[in-house]
Amino acid sequence: MNYNLIPLAISVLSLGVAFWLAYDVLKRGRGDQKMQAVADAIRVGANAFLKRQYRTIALITVVVAIGLFAAYYFSGNTLLATSTAVSFVMGALSSAVAGMVGMSISVRSNIRVAAAAHQGMGEALLVALRGGAVSGITIVSLSLLGIAGLFEIYSLFGFEATQIPSLIVGYGFGASLVALFAQLGGGIYTKAADVGADLVGKIE
């Protein structure tokens with residue numbers, strides 16, 4: 001039995017659970033027209049923010065990946081240079097996908113939580129927890145899928161288990177870098193939204 005496939009199976013199963021939770025949240029009611037108008041405006045703003053932020057992150061990722069490749073390549077280790085750069089890009093991509101899924105489901109679940117609150121606190125809490133679980137499960141599942149997938153690929157190429165960690169260390173670096181920039185950008189975006197809402201509230 002190939003025990004290396006167990007983490008892959010668990011990650012795929014977890015993504016299936018996240019998909020089911022997202023489906024359960026998105027099929028719920030969105031409230032009245034006024035609620036939907038506010039939610040649609042938030043969704044448009046969030047999409048614009050994501051598009052602009054990830055365009056910048058993609059550029060930084062490419063530059064850092066080239067820098068990592070060059071650093072290892074000129075030290076005389078072509079294999080480590082290639083594997084580190086590839087795993088770095090894969091980690092960054094996984095983190096970016098997790099961020100987009102999290103933002104998308106958060107924006108869409110907010111209005112459904114507000115609408116469910118009309119039916120009771122329990123129903124609103126259920127929708128909120130399931131909406132948040134989608135993001136959490138997706139992040140962990142993609143991380144496990146990426147690391148286990150890279151480990152299995154290198155195993156198929158004949159590398160020893162003790163050699164593989166040094167070849168895929170770039171995965172964690174790429175995922176952390178994207179998460180860092182996303183957090184910084186998200187904080188700036190949130191503060192701008194708070195200031196804007198405060199000004200509108202004072203005017204109104």
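Residues numbered from 1 in each chain as written. Predicted model: local features only at pLDDT ≥ 70, side-chain atom pairs only at ≥ 80, totals over all residues. Heavy atoms only, no water.

To continue, consider the confidence of the model for the chain. Of the residues in the chain, 90% have a pLDDT of 70 or more, and the chain-wide mean is 83. Looking at the elements of the chain, mean pLDDT is at its lowest for helix α6 (residues 169-203), recorded as 73, and at its highest for helix α1 (residues 5-26), recorded as 90. (pLDDT = per-residue confidence, 0-100. Helix = DSSP H or I, 4+ residues; strand = E, 2+ residues; numbered from the N terminus.)

For the structure shown, the criterion picks out three aromatic pairs. Relative to Tyr-73, the ring of Phe-69 has its centre 5.5 Å away and its plane inclined at 15°; by these criteria the two rings are stacked. Note that Phe-69 and Tyr-73 are positioned in helix α2 (residues 33-73) at a spacing of four residues, about one turn of the helix. The partly exposed category is assigned to Tyr-73, whose relative accessible area is 40%. Ring geometry for Tyr-73 against Phe-74: centres 5.5 Å apart, planes inclined by 80°, an arrangement best described as edge-to-face. With relative accessibility at 69%, the residue Phe-74 sits in the exposed group. Through pairs of rings, three or more aromatic residues link up here, namely Phe-69, Tyr-73 and Phe-74. (Phe/Tyr/Trp six-rings, centres within 6.5 Å; stacked < 30°, edge-to-face > 60°. Buried < 20%, exposed > 50% of the residue type's maximum accessible area, 1.4 Å probe, protein only.)

Below, the discussion takes up helix α3 (residues 78-116). Because each turn of an α-helix spans 3.6 residues, side chains separated by three or four positions in sequence point in the same direction. Taking 1.5 Å of rise per residue, the 39 residues of α3 would be expected to cover 57 Å, and the 56 Å separating its terminal C-alpha atoms lies within 8% of that figure. When the local axis directions of α3 are compared, the greatest deviation, roughly 25°, occurs at Ser-109. (Expected span 1.5 Å × (residues − 1). Bend = angle between axes of the 7 residues up to and from the residue.)

Before going further, it helps to spend a moment on the pattern of salt bridges. Evaluation of the coordinates by the stated rule reveals six salt bridges. Of the charged contacts in the structure, one is a salt bridge between Arg-28 and Glu-123, with a shortest N-O distance of 2.5 Å. Taken together, the residues Arg-28 in the loop between α1 and α2 and Glu-123 in helix α4 (residues 121-156) connect sequence positions 95 residues apart. Connected through salt bridges with shared partners, the residues Asp-24, Lys-27, Arg-28, Glu-123 and Arg-130 form a single ionic network. (Salt bridge = Lys/Arg side-chain N within 4 Å of Asp/Glu carboxyl O.)

Turning to the nonpolar core, a few remarks are in order. One finds Leu-80, Leu-150, Tyr-154, Ile-164, Leu-167, Ile-168 and Tyr-171 forming the largest nonpolar core, which totals seven residues. Contributions of two or more residues to this core are made by α4 and α5 (164-167). Membership of the second largest hydrophobic core comes to six residues, among which are Leu-50, Tyr-54, Ala-92 and Ala-96. (Core = buried A, V, L, I, M, F, W, Y, C linked by side-chain atoms within 4.5 Å.)

For Arg-108, the position within the fold is in helix α3. With a relative accessible area of 28%, Arg-108 lands in the partly exposed category. Sequence separation of Arg-108 and Arg-43 is 65 residues, and the distance between their C-alpha atoms is 7.5 Å.

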